Amino acid sequence: MNTPRVRWAALGGLMIGLLVSGVAAQENVPRLPPTRPNGPSPAPAAPSAAKPKTETFSSAQVPRSTRFGAADWVEIGIAAKRLGLKVGWTLSSREAVLTDKDTRLELASDRLEAGLNGQRIFLGQAPISRSGNLYVSKIDLERCLVPLVRPALLGVPKPAPKTIVIDPGHGGPDTGKVNGALGLFEKTFTLDTSLRLKKILEARGWKVVLTRTDDRQLKPGKQDDLQRRAQIADEVDADVFVSIHFNSVAEQVEKVSGAEVYRFTPQHQPPVTRALRRLDDEVLNPGNGNDVWNSLLAYSIQRRLLRDLKLDDRGFKHDRLAVLRLVSCPAVLIEGGFLSNTTEARRIANATYRQQLAEAIANGLGTYASQLQSLRSGANDSSR
Ligand SMILES: [Zn+2]
């Protein structure tokens with residue numbers, strides 16, 4: 001994707017000694033990485049550069065939690081009650097399956113990856129096993145699992161989205177990922193897919209603004225370019241921001257394929273790409289003002305990508321991506337496939353596939369919008 005994460009050079013040496021998980025580099029996130037979540041308490045939170053516009057999370061609803069190390073944890077029985085699910089065990093005190101007639105949520109100790117109805121969900125902190133019981137991070141429960149399983153608990157929903165900002169990743173001298181053998185550039189396909197998505201969404205009655213409509217960078221420097229993209233969303237008072245990218249890996253290129261959708265990482269959690277919790281993880285960014293809606297939006301889109309296109313499931317993920325950090329509305333970044341994989345690169349280069357991809361994204365946005373509608377009418381308490 002080539003989208004820089006938030007860089008904090010001045011804080012680079014201030015690594016908190018909190019060994020959170022054994023997650024490898026982003027493009028090679030193992031399915032079930034080991035985790036040792038406890039460690040010394042983090043340093044005091046760094047001052048926030050800007051406050052989020054809204055805070056949708058209702059602290060009055062927060063279930064009882066327990067402090068282990070530097071995080072708050074909720075016992076699995078309490079978490080299940082919050083989610084309206086029943087607890088079953090597949091491995092004594094280490095692997096739980098939470099269910100109702102429509103839901104199957106699989107959580108395991110020391111595993112960042114959870115499963116929700118067969119879909120891969122990457123939590124911010126791996127659940128932990130203590131005294132014969134399993135605990136899930138309070139942040140994961142409230143900002144990830146509740147939005148996905150019981151969005152009705154989120155309180156007053158967002159108004160119906162009207163304006164969508166689509167951000168075609170890269171442009172101009174910034175080519176994004178490249179498949180040299182096939183002569184393919186990410187920037188070409190992000191723009192084409194975005195233009196297709198714009199047409200579909202407009203036909204469905206939504207106002208659409210693109211951050212770029214031709215082959216250009218918005219600002220000369222990468223960080224300025226990314227900030228400008230977020231700024232456009234604020235200028236047009238966007239209800240949803242969708243950044244479109246294609247992916248690449250350097251190794252095992254023919255083995256890695258599929259789609260992944262990113263939300264901005266919640267405050268106090270390390271991004272899925274990094275093992276260590278760092279001082280900048282303690283900063284409350286504008287993108288965190290929509291944690292719960294980011295989760296619902298990302299899950300809705302990933303679900304449609306998997307269902308409509310039968311893509312390999314690379315997961316519902318989170319990262320502290322610069323382009324999502326400053327956006328004031330619900331925002332996601334979509335990786336629509338791997339240009340490094342010959343088969344997938346040829347598919348991405350095919351206009352028919354890009355049209356299908358755009359339609360799947362539009363369907364995911366439609367699912368998100370209809371969920372908000374359901375929440376407003378109180379008619380539905382499920383994200384499925
Ligand atoms: Zn990219």
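K.L.:
What exactly am I supposed to notice about the environment of G287 here?
P.N.:
Its place among the elements puts G287 in the loop between strand 17 (276-278) and helix 5 (291-309). Along the primary structure G287 and L321 are separated by 34 residues, whereas in three dimensions their C-alpha atoms are 9.7 Å apart.

K.L.:
What is the right way to look at the sheet that holds strand 10 (residues 133-137) in this model?
P.N.:
For sheets, the rule is that strands pair by backbone hydrogen bonds, running either parallel or antiparallel. Spatially, four strands are ordered 2-3-10-9 in an open sheet, and the strand pairing comes out antiparallel. What marks the edges here is a single partner per strand, and that holds for strand 2 (66-68) and strand 9 (128-130). On average, each strand axis in the sheet is inclined to that of its neighbour by 45°, with strand direction left out of account. By the bridge criterion, three bridges tie strand 3 (residues 71-75) to strand 10 in an arrangement that is antiparallel. Residue pairing in the sheet places V74 in a bridge with V136 of strand 10. The strands that helix 1 (residues 76-83) touches are strand 3 and strand 10; relative to strand 3, the one it contacts most, it runs at about 75°. Together, strand 3 and strand 10 form the strand contacts of helix 2 (residues 138-149), whose direction differs from that of strand 10 by roughly 60°.

K.L.:
Can you help me understand the packing of helix 2 against helix 5 in this one?
P.N.:
Axis angle and axis distance: for two packed helices, these are the angle between their axes and the distance between the axes, and together they describe the pair. Where helix 2 meets helix 5, the closest approach of the two axes is 8 Å, and the angle between their N-to-C directions is 45°. It follows that helix 2 is oblique to helix 5 by the angle criterion. Crossing geometry of helix 2 relative to helix 5 is assigned as right-handed. Two secondary-structure elements touch here, helix 2 through E142, R143, C144, P147 and L148 and helix 5 through D291, V292, S295, L296 and Y299. Residues of the contact of helix 2 with helix 5, tallied by class, amount to six nonpolar, one polar and three charged.

K.L.:
Explain the pairing of strand 6 (residues 104-108) to me, please; I cannot follow it from the model alone.
P.N.:
For a regular strand, side-chain orientation follows a simple rule: the groups alternate between the two sheet faces. Sheet topology places strand 5 (residues 95-99) next to strand 6; five bridges connect them, and they run antiparallel. If you follow V97 over to strand 6, its bridge partner there is E106. Linking strand 5 back to strand 6 in an antiparallel pair, the connection comprises four residues. What sits between strand 6 and strand 7 (residues 113-116) in their antiparallel hairpin is a turn of four residues, with D110 showing a positive phi close to 65°.

K.L.:
How should the packing of helix 3 (residues 186-203) against helix 8 (residues 351-377) be read in this particular structure?
P.N.:
Where helix 3 contacts helix 8, the two axes come as close as 9 Å, and the packing angle between them is 50°. Accordingly, the angle class assigned to the pair helix 3 and helix 8 is oblique. For helix 3 against helix 8, the interelement crossing comes out right-handed. Each of F189, D192, T193, R196, L197, I200 and L201 in helix 3 lies in contact with helix 8, whose residues at this interface are A351, R354, Q355, L357, A358, E359, I361, A362 and L365.

K.L.:
What is the right way to read the nonpolar core from this model?
P.N.:
Side chains of a nonpolar character, in soluble globular proteins, are inclined to be buried together. Of all hydrophobic cores here, the largest spans 67 residues; its most connected members are L305 and L365. With eleven residues, the single largest contributor to this core is helix 8. In this structure, this core is formed jointly by two domains, domain 1 (61-149) and domain 2 (163-377), each of which donates at least three residues. Among residues more than four places away in sequence, those in contact with L305 are A259, V261, K310, L311, I334, L357, A360 and I361. With 22 residues, the next largest nonpolar core counts L226, I232, A322 and V323 among its residues.

K.L.:
I'm lost on the side chain of T163 in this one. Help?
P.N.:
By the element assignment, T163 lies in strand 11 (residues 163-168). Of the residues examined, T163 reaches a relative accessible area of 9% and is grouped as buried.

K.L.:
Can you walk me through the pairing of strand 19 (residues 331-338) in this structure?
P.N.:
The element strand 19 is extensively covered by neighbouring structure, given that eight of its eight residues are classed as buried. Across six bridges, strand 15 (residues 240-247) lies against strand 19 in parallel orientation. Paired with N247 across the two strands is F338, which belongs to strand 19.

K.L.:
Sorry, what's going on with helix 3 here?
P.N.:
Residues spaced three or four apart along an α-helix face the same direction, because each turn holds 3.6 residues. The first and last C-alpha atoms of helix 3 sit 26 Å apart over 18 residues, in line with the 26 Å expected at 1.5 Å per residue. By the burial criterion, the buried members of helix 3 are E186, K187, F189, T190, L191, T193, S194, L197, I200 and L201. Considering only its buried residues, helix 3 is in contact with strand 11, strand 13 (184-185), strand 14 (207-210), strand 15, helix 7 (342-348) and helix 8. Positioned one or two residues after helix 3, G205 has a phi angle of 95°, which is positive.

K.L.:
Hey, could you run me through the confidence of the model for the protein in this one?
P.N.:
When pLDDT drops low, the exact placement of atoms in the prediction is not to be read closely. This prediction gives the protein a mean pLDDT of 86; 82% of its residues lie at or above 70. Counting interchain partners and residues more than four positions distant, the pLDDT-below-50 stretch residues 7-59 has 136 contacts. This stretch, residues 379-384, has a pLDDT under 50; its non-local contacts, to residues over four places away or in other chains, come to 25 contacts.

Calculation rules
Sequence order sets the numbering: in each chain, residues are counted from 1 along the sequence as written. In keeping with the model being predicted, local features are shown solely for residues with a pLDDT of at least 70 and side-chain atom pairs are shown and tallied solely at 80 or more, while totals for entire chains, interfaces and linings include all residues. Here the side-chain values reflect all heavy atoms present in the structure, with hydrogen atoms and water set aside. Numbered from the N terminus, helices here are DSSP runs of H or I no shorter than four residues, and strands are runs of E no shorter than two. DSSP calls a pair of strands paired once it identifies at least 2 bridges connecting them. Axis definition: a line fitted to C-alpha atoms, over the contacting stretch in the case of helices. Angles run 0 to 180 degrees between N-to-C directions. By definition in these notes, contact holds between two residues if any of their heavy atoms fall within 4.5 Å. Each angle gets one of four labels, with under 35 degrees taken as roughly parallel, over 145 as roughly antiparallel, 65 to 115 as roughly perpendicular, and the rest as oblique. Here a crossing is taken to be left-handed if its near helix is turned anticlockwise relative to the far helix by less than a right angle, and right-handed if that turn runs clockwise. When residues are sorted by character, Ala, Val, Leu, Ile, Met, Phe, Trp, Tyr, Cys and Pro go into the nonpolar class, Asp, Glu, Lys and Arg into the charged class, and all the rest, Gly among them, into the polar class. To form a nonpolar core, buried Ala, Val, Leu, Ile, Met, Phe, Trp, Tyr and Cys residues must be joined to one another through side-chain atoms within 4.5 Å. A simple rule labels every residue: compare its accessible area, found with a 1.4 Å probe on the protein chains alone, to the largest value its type can have, and call it buried under 20%, exposed over 50%, or partly exposed in between. These domain boundaries are the output of an automatic or database domain assignment. The length a helix should cover is 1.5 Å for every residue beyond the first. Note: pLDDT gives the predictor's confidence per residue, expressed from 0 to 100.

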